[in-house]
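The lines below spell out each chain.
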Amino acid sequence: MKLVIFLLLAVFGIPSSAQSKPAADLIITHGNVWTGDDARPKAEAVAVLGDRIVAVGSNAEVLLWRGPETKMIDAGGKLLVPGFNDSHVHFIEGGRQLDSVQLNDATSTDEFVRRIGEQAKKMPKGEWILGGDWDETKWTPPDLPTHQMIDPVTPDNPVLISRYDGHSVLANSLALQLAGITAKTPDPPGGTIVRDAEGNPTGDLKDAAEGLADKVVPPLSHDQRMRAAKRALEHAASLGVTSVQHMVADYEDIAVYAELLQDGELTTRIYAAPLITGVDDQAKIGIRHAFGGPYLRIGAVKGFADGSLGSRTAYFFEPFSDEPNNHGLLSDEMQPLSLMRDRMMKADAAGIQICTHAIGDQAISMVLDLYTDVVKAHRGAERRFRIEHAQHMAEKDFARFAQLDVIASVQPYHAIDDSRWAEARIGHDRASRTYAFRTFLNHGVHLAFGTDWDVAPLNPLLGIYAAVTRATLDGKNPNGWFPEQKLTAAEAVHAYTMGSAYAEFQEKEKGSITPGKFADMVLLSEDIFAIDPVKIRDVKVLKTIIGGKVVWDPNRKVSYSTAY
Ligand SMILES: [Zn+2]
């Protein structure tokens, strides 16, 4: 940090005796600054000292912080917003996905099979083919894929590829064999082995049944994890994502982050929530919610109450509209319910934040019941419960959400994706309380935005576009699917910045461009508050700044480092 004597002030006629004041390390001028801070919503310039913002204001006000070594960025009138904070990602899986077989946009089974075959040719014999993110709703008829389809192109590689929502996987014969899954294998609690008319496994394994095959997949090596983390960090920087909240982080993932942090290579701030099944581990250490430093925090756990809408395993009060004998599946963690309650009690008693995946209306209701039990037992403490996804709400539960101050950690991109087929599955009435962002806000519920990457793209501008337009991906609802639930661009950005910061107890440290907060900012190619909302999805990131360091600039080679 450099100290500069501000003799120059006298030259500009500002009444001042020579005063000493630290000079900024970075100043951004001529910006269209959307601060997200009600105290000063708009500004032209920002000064950064070390990794914090020290001044926000007009060009003239902020230039008072300029010293001989201050780096200057002229924003050229472009929009500067607080860095995006993705409240729900699977960061390592996301990084892996960037290098694995891409099946999500396969629009026919031929294409699906061809891509898997190509991947198999690239890989050594015996190595597992994973990832995929296939989506059978994109081909006709929209039937689940089977092992018979892919066996001929994968004779030497076990295959275990995920449906894009992660709630269903397809195994080939080799993988079924290695996992010992046969016609005689019973469905595990909370899971389904999909079978043909003769009772033979088709290769599709839903929810807890995935575990039968997962357990024979060799764990990621440290090198694989490290490679994935670096890919993910680079990807996040390129999209203006300056913070992520990693749900279901493995301990080995956290170890990789710690190593990157030590080497000054962690360019995204990470809050990691391992599975609630391991709650004892964090409770034993005695760490509490959001324990750690600016770049890496732990102290949260992630539980699962049910499955997903796409896999028909989301747990509803009433059956699926198109499957009258099925109203979904509670996860194995909820069977018996006391198992989940005990783990939540343990986490809460230890001061650990609880994040619970719940999608169907009954699953959400049950989690709210459990949260109520926890509050009754422990009272007092500031806990900030979260429900991840909170997709399909029962009318009566919006108010409870607010009363318990539960954070709705939601993913707007899913709203324009699932809405292509959601109504057929759950009917109009339930669909009207689906991705009900406006209703949440009306009830005073804290919204945090994220993507669920690798389930959906990490790009926050797609999420903002989705929340603002609710235009389904198939182009069939250009004016919005349940348009009364649309948010304004400002509300969407708020949920993606302050909302997510609140969800990780960091609203005093980030989420707005405010003096004293971390200098995490993103310069965008267009003013997303002024342009036609349809164009928000095409907006590009011009610069990503984390802790005052430029970690992304498409016009300039930047080294991904936060080391000073
Ligand atoms: Zn997730």
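Higher on the page you've got the structure.
Okay, so let's go over this structure. Residue positions are given per chain, counted from 1 along the sequence in the order it is written. Selection of residues for local features in this predicted model requires a pLDDT of at least 70, selection of side-chain atom pairs for listing and counting requires 80 or more, and totals for whole chains, interfaces and linings are taken over all residues. For side-chain calculations, the full set of non-hydrogen atoms in the structure is used, while hydrogens and water are omitted.

In this section: the packing of aromatic side chains. Aromatic pairing here means that ring centres of Phe, Tyr or Trp (its six-membered ring) are within 6.5 Å. Orientation follows from the plane angle: under 30 degrees is stacked, over 60 is edge-to-face, and everything else is tilted. What the rule picks out here adds up to 13 aromatic pairs. Taken together, a centroid distance of 5.9 Å and an interplanar angle of 75° make the contact between F91 and W453 edge-to-face. With F91 in helix α3 (residues 91–97) and W453 in the loop between β24 (447–449) and α17 (460–469), this residue pair connects regions lying 362 residues apart in the sequence. Exposure is judged per residue with a 1.4 Å probe applied to protein chains only, and the accessible area is read against the type maximum: over 50% gives exposed, under 20% gives buried, and values in between give partly exposed. Residue class for W453 comes out buried when judged on its relative accessible area of 2%. When the centroid spacing of 5.5 Å and the interplanar angle of 65° are considered together, the rings of F437 and F449 count as edge-to-face. Here a helix means four or more residues in a row that DSSP labels H or I, a strand means two or more in a row labelled E, and each is numbered from the N terminus.

Most of strand β10 (residues 84–89) is tucked away, with 6 of its 6 residues classed as buried. Two strands are said to pair when DSSP picks up at least two bridges between them. Taken together, the 4 bridges between β10 and strand β16 (residues 241–247) define a ladder with parallel strand orientation. By the bridge assignment for β16, N85 is matched with S243.

All right, on to the sheet that holds strand β20 (residues 300–304) then. One open sheet holds the 5 strands; their spatial order is β20-β21-β22-β23-β24, and the pairing between them is parallel. Across the chains shown, the open sheet's two edge strands, defined by having one partner strand only, are β20 and β24. Averaged over all pairs of adjacent strands, the angle between their axes in this sheet comes to 25°, without regard to strand direction. As paired elements, strand β21 (residues 353–358) and strand β22 (residues 386–389) share 4 bridges and run parallel to each other. Bridged to H357 within β22 is E388. For helices, the axis comes from a line fit to the C-alpha atoms of the stretch in contact; other axes are also lines fit to C-alpha atoms, and the angle between any two N-to-C directions lies between 0 and 180 degrees.

Relative to the helices and strands, Q411 resides in the loop between β23 (407–410) and α14 (412–418). Sequence separation between Q411 and E388 is 23 residues, and the spatial gap between their C-alpha atoms is 8.8 Å. Contact criterion: two residues are considered in contact whenever any of their non-hydrogen atoms come within 4.5 Å of each other. Residues in contact with Q411, not counting those within four places in the same chain, are H88, H389, Y435, G450, T451 and D452.

Attention now moves to the coordination of the zinc ion. Looking at the metal site, the zinc ion is ligated by H88 (NE2), H90 (NE2) and D452 (OD), spaced 2.1 Å from it. The rule for donors is simple: N, O or S, within 2.8 Å of the metal, or within 3.2 Å if the metal is Na, K or Ca. Water isn't counted, so a site may look like it is missing partners. Binding-site remark: the zinc ion is held by donors from one chain whose sequence spacing is H-x1-H-x361-D. Within this pair, whereas H90 is found in the loop between β10 and α3, its partner D452 is found in the loop between β24 and α17, the two being separated by 362 residues in sequence. Neither residue differs from the other here; H90 and D452 are each classed as buried.

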